[in-house]
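Results of the structural survey
Letter by letter, the chains look like this.
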Amino acid sequence: MARKIYNRLALFRAEAGMTRKALADKVGVNPQTIGFLERGDYNPSLELALNVAAVFEVPVELMFSFRPFPSVAATLLGQGDSA
Amino acid sequence: MTYKGDPIAEKLDQLAEATRIPALQRKLQARDPMRFRVLPSVLLALAVAGMAVQIGWGGLSGFWIVWAGWMGSFMCQPFGPMGGARARKLDEREAAIVRQGHFTGMMWALGVAVLGSLVITFCTVWTMAGMAGLWAPRTPMDWMTITLFLLAVEMNVAVLAASAAMPDPLEDDEE
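Residues numbered from 1 in each chain as written. Chains lettered and ligands numbered in written order. Predicted model: local features only at pLDDT ≥ 70, side-chain atom pairs only at ≥ 80, totals over all residues.

Notes on the interface of chain A and chain B
The accessible area lost on association of the parts is a frequent measure of interface size. Counting residues at the interface gives 15 residues for chain A, matched by nine residues for chain B. Looking at the side of chain A that touches chain B, the elements with two or more residues in it are α2 (20-27) and α3 (31-39) of chain A. The element that contributes the greatest number of residues to the side of chain A that touches chain B is α3 of chain A, accounting for five residues. A breakdown of the residues in the side of chain A that touches chain B according to their chemical character gives five nonpolar, seven polar and three charged. (Contact = placed C-beta atoms within 7 Å. Helix = DSSP H or I, 4+ residues; strand = E, 2+ residues; numbered from the N terminus. Nonpolar A, V, L, I, M, F, W, Y, C, P; charged D, E, K, R; others polar.)

What follows is the structure, given as structure tokens:
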């Protein structure tokens with residue numbers, strides 16, 4: 001059984017105001033695959049993960065992880081504490 | 001989208017477009033694949049019933065039932081997860097599902113073929129020994145029925161396996 005891979009795809013996509021279809025066209029997959037990726041139902045290949053990260057111009061480890069990502073609120077609160 | 005160039009081909013293309021069939025075909029090909037569970041099970045059951053009828057009655061009786069099961073599988077396949085007649089190329093997830101489906105289907109068909117061969121051998125030996133008149137394929141129609149039966153097993157098990165491997169449909173159909 002493959003390990004679950006968490007991602008921030010929906011967050012990055014919402015921030016960029018990009019539709020699933022637009023992202024799917026950029027990385028060369030079916031929009032359904034982007035939806036399954038966001039929902040965590042599909043673990044991408046290394047090639048797809050790198051392509052997705054390249055679209056948003058971020059390192060792949062910022063987009064995909066074996067550990068769940070903290071929520072935006074938790075991240076922002078953490079920044080507030082350290083500031 | 002009609003062809004431009006040769007006037008005869010253009011007219012023929014316009015005629016085909018007027019039937020609305022090419023438009024319907026394009027629409028169906030552009031759709032996301034559907035998960036099939038009940039239909040392949042029914043078609044598989046039909047093929048098994050046809051094989052049983054062929055063994056019981058011979059002639060063409062079972063052949064047509066198995067043929068119907070195989071033809072039904074063949075016609076439904078493009079709309080399911082194994083569909084090959086799509087307008088676009090399969091992506092890595094879809095290609096993996098198709099490979100997994102075919103592998104499972106082929107393994108089942110192989111298993112049925114191996115088991116069937118053993119049963120046929122046993123039945124033939126048993127009949128030759130004069131202990132009982134058990135069925136074994138003799139006529140070309142018997143062999144055709146077995147061929148279509150194995151194809152129907154492969155196709156329907158592949159669709160069932162691929163459907164099981166597909167995640168639940170997305171709730172929001174965002175484009």
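Picking up after the structure, the text goes on.
Things to note about the packing of helix α3 (residues 38-57) of chain B against helix α6 (residues 140-165) of chain B
All names here are of chain B. One way to put it is that α3 packs onto α6 with a least axis distance of 9 Å and a crossing angle of 160°. Judged by the angle between their axes, α3 and α6 are roughly antiparallel. Remark: the crossing between α3 and α6 carries left-handed chirality. Here α3 contributes P40, L43, L44, A47, G50, M51 and Q54 to the contact with α6, which in turn contributes D142, T145, F149, A152, V153, N156, V159 and L160. For the contact of α3 with α6, a count of residues per class yields 10 nonpolar, four polar and one charged. (Axes fitted to C-alpha atoms, helices over the stretch in contact; angles between N-to-C directions. Parallel < 35°, antiparallel > 145°, perpendicular 65-115°, else oblique. Left-handed = near helix turned anticlockwise from the far one by under 90°.)

Details of the packing of helix α5 (residues 92-128) of chain B against α6 of chain B
Residue and element names in this part refer to chain B. α6 packs onto α5 with a crossing angle of 140° between their chain directions and a minimal axis gap of 7 Å. Here α5 lies oblique to α6, going by the angle between them. Seen from above, α5 lies across α6 with right-handed handedness. Note on element contacts: α6 touches α5 through L150, V153, E154, M155, V157, A158, V159, A161, A162 and A165, opposite I97, V98, Q100, G101, H102, T104, G105, M106, W108, A109, V112 and A113.

Examining the nonpolar core
Counting 25 residues, the largest nonpolar core has A47, V66, F149 and A152 of chain B as its most contacted members. Residue assignment for this core shows that the elements contributing at least two residues are α3, α4 (61-76) and α6 of chain B. For this core, the element with the highest residue contribution is α6 of chain B, accounting for 12 residues. Leave out the neighbours within four places in its chain, and A152 of chain B touches L43, L44, A47, V66, G69, W70 and S73 of chain B. Of all hydrophobic cores here, the second largest spans 15 residues; its members include V27, I34, F36 and L48 of chain A. (Core = buried A, V, L, I, M, F, W, Y, C linked by C-beta atoms within 7 Å. Buried ≥ 20, exposed ≤ 12 C-beta atoms within 10 Å, placed from the backbone.)

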